[in-house]
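A look at the structure
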Amino acid sequence: MKKFIAILLAFILTAIPVTAFAHSDNTNAGSIPKTATAPVIDGVKDDIYDQGLFVPVRNPHNATPDGGLGGGADAWFLWDDDDLYIFMKIDLVSFYSPDDYEDLQTDEPWALTTCEILMDWSNGSDDAEQVCQVRMNDRGFPNVTLARSDPHKNGEECRPYIDWGFTKTDNSYCAEFKIKMGEFRKAVEALDVNFGSDFTAGKQIGLYIFSQENNESGDAALFVSVPTDMSGNWVPGNYDYVVLGDNVVGAVAEPEPEVPADEPAPVNEPVAAPPPVTAAPTGDAGIIILLAVMITAAAGIVIFKRKKAVR
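Residues numbered from 1 in each chain as written. Predicted model: local features only at pLDDT ≥ 70, side-chain atom pairs only at ≥ 80, totals over all residues. Heavy atoms only, no water.

Broken down by element type, the protein carries 4 helices and 14 strands. Expressed as a percentage of contacts within the protein between residues at least 6 apart in sequence, the contacts between residues at least 24 apart total 67%. Split by element, the accessible area of the protein, about 17900 Å² in all, is 57% carbon and sulfur. (Helix = DSSP H or I, 4+ residues; strand = E, 2+ residues; numbered from the N terminus. Contact = heavy atoms within 4.5 Å. Areas by Shrake-Rupley, 256 points an atom, 1.4 Å probe, with all protein chains shown as cover.)

Take a look at the structure:
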């Protein structure tokens, strides 16, 4: 009997489907809030990002353990039903401007000062071919890699998949991305990239963010969002991961219905009695009065005559 129960239990356990996330042992970098208000994609950090998921990019890459030139970067994440929003601020010491800059930004964009966001959409792959990437250099030029073996897109070639914004100061630049999930997903799945679960609350995404600063002397500073011992741009098994949250931020408050102002209560003041109305005599009343006077006068005359006759 015990043997039968053990066999039955083993059968049940093997029959139950189990969803495994290959990187779930790595760091959960947090939940990305869903936004009801889409940020403007212009390279200027909208206030709504302060309610998003903050991911520091401050760990020195193991290739430059002393931190090199700069101080790394910071990133903020939001999502809605159609898009994933990413804002990055990258701190710099200097800007790298080789003569062949424009050639490098299309042919070897990794050779410039740049920031990169790499994503394993399934959070379950150990294959570099499953990684997608968006990148921007310190002049605001973007690249998109839909799959490791697929040639990266440059500049306006990226427009079907992302919108972007860029601003720059003397010691930093800002890169903003809107990943258009509908077209992006279609494109990566056409390249046999495993997108994993649908783009909705609860989805896990393997994430690796990279910031690199170069200078004219050939020095470099590299910072990553994962611990130093997990560095590896195209090693998805070393990525941290984020989760699409179901908490909503940026909702516009509904106006409260107008409450009419209370009307003042009526004051019970004493009402004065109306003055007596004296009717003006009408024409008929005047005639009656005149007749009464005439009769009285006539009666007086008669009495007067009688008294005179008696004498």
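Applying the stated criterion across every chain, the model contains 9 aromatic pairs. Ring geometry for W121 versus F195: centroids 5.2 Å apart, planes at 20 degrees, classification stacked. You can see W121 sitting in the loop between β6 (114-120) and β7 (132-137) and its partner F195 sitting in the loop between α3 (181-190) and β12 (204-214), a full 74 residues away along the chain. For F195, a relative accessible area of 1% gives the class buried. Where F166 meets Y173, the ring centres are 6.0 Å apart and the plane angle is 45 degrees; that geometry is what we call tilted. (Phe/Tyr/Trp six-rings, centres within 6.5 Å; stacked < 30°, edge-to-face > 60°. Buried < 20%, exposed > 50% of the residue type's maximum accessible area, 1.4 Å probe, protein only.)

Enumeration according to the criterion identifies 0 disulfides in this entry. Of the cysteine sulfurs around C115, a residue in no disulfide, the closest is that of C174, at 9.8 Å. (Disulfide = S-S within 2.5 Å.)

This paragraph deals with the side chain of Q204. When you line up the elements, Q204 lands in strand β12. Owing to a relative accessible area of 16%, Q204 belongs among the buried residues under this scheme. Engagement of the side chain of Q204 in a polar contact is seen with the side chain of N123, the distance being 2.8 Å. (Polar contact = N/O pair within 3.5 Å; in protein donor to acceptor, adjacent residues only side chain to side chain.)

Take the pattern of salt bridges next. A complete count under the given rule lists 14 salt bridges for this structure. Here R159 makes a salt bridge to D163, at a shortest N to O gap of 3.3 Å. Judged by relative accessible area, which is 31%, R159 ranks as partly exposed. Classification of D163 as buried rests on a relative accessible area of 16%. Residues E183 and K186 are paired through a salt bridge, measuring 3.2 Å at the closest nitrogen-oxygen approach. Of this pair, E183 and K186 both sit in helix α3, separated by 3 residues, roughly a single helical turn. A network of salt bridges, in which partner residues are shared, links E156, R159, D163, K178 and K180. (Salt bridge = Lys/Arg side-chain N within 4 Å of Asp/Glu carboxyl O.)

Okay, the nonpolar core next. Judged by nonpolar contacts, the single largest core of 45 residues is most densely connected at F77, L84, M88 and F184. Beyond its immediate stretch of four places on either side in the chain, M88 contacts V57, A73, D74, A75, C115, I117, Y173, C174, A175 and I209. (Core = buried A, V, L, I, M, F, W, Y, C linked by side-chain atoms within 4.5 Å.)

Most of strand β14 (residues 240-249) sits inside the fold, with 7 of its 10 residues counted as buried. Relative to β14, strand β1 (residues 28-35) is paired through 6 bridges, and the arrangement is parallel. Paired with S31 across the strands is V243, a residue of β14. Across 4 bridges, the pairing between β12 and β14 is antiparallel. Following the sheet pairing, G206 is matched in β14 by Y241. (Pairing = 2+ DSSP bridges.)

Taking burial as the measure, the 11 residues of β12 include 11 buried ones, the bulk of the element. Because side chains alternate across β12, one face comprises the buried residues Q204, G206, Y208, F210, Q212 and N214, and the other comprises I205, L207, I209, S211 and E213, equally buried. Direction of pairing for β6 relative to β12: antiparallel, over a ladder of 7 bridges. Each residue of the ladder has a partner; that of D120, found in β12, is G206. In the sheet, β12 pairs with strand β13 (residues 220-224) via 5 bridges, with the strands oriented antiparallel. Bridge pairing in β13 places N214 opposite A220. Between β12 and β13, which pair antiparallel and follow one another directly, the connecting turn spans 5 residues, one of which, G218, has a positive phi of 90 degrees.

Attention now moves to unusual backbone geometry. A positive phi angle is found at N123, which is not glycine, with a value near 50 degrees. Following the sequence through the fold, N123 ends up in the loop between β6 and β7. Its identity is not glycine, yet D192 carries a phi of approximately 65 degrees, on the positive side. Examined against the element boundaries, D192 turns out to sit in the loop between α3 and β12. For D192, a relative accessible area of 64% translates into the label exposed.

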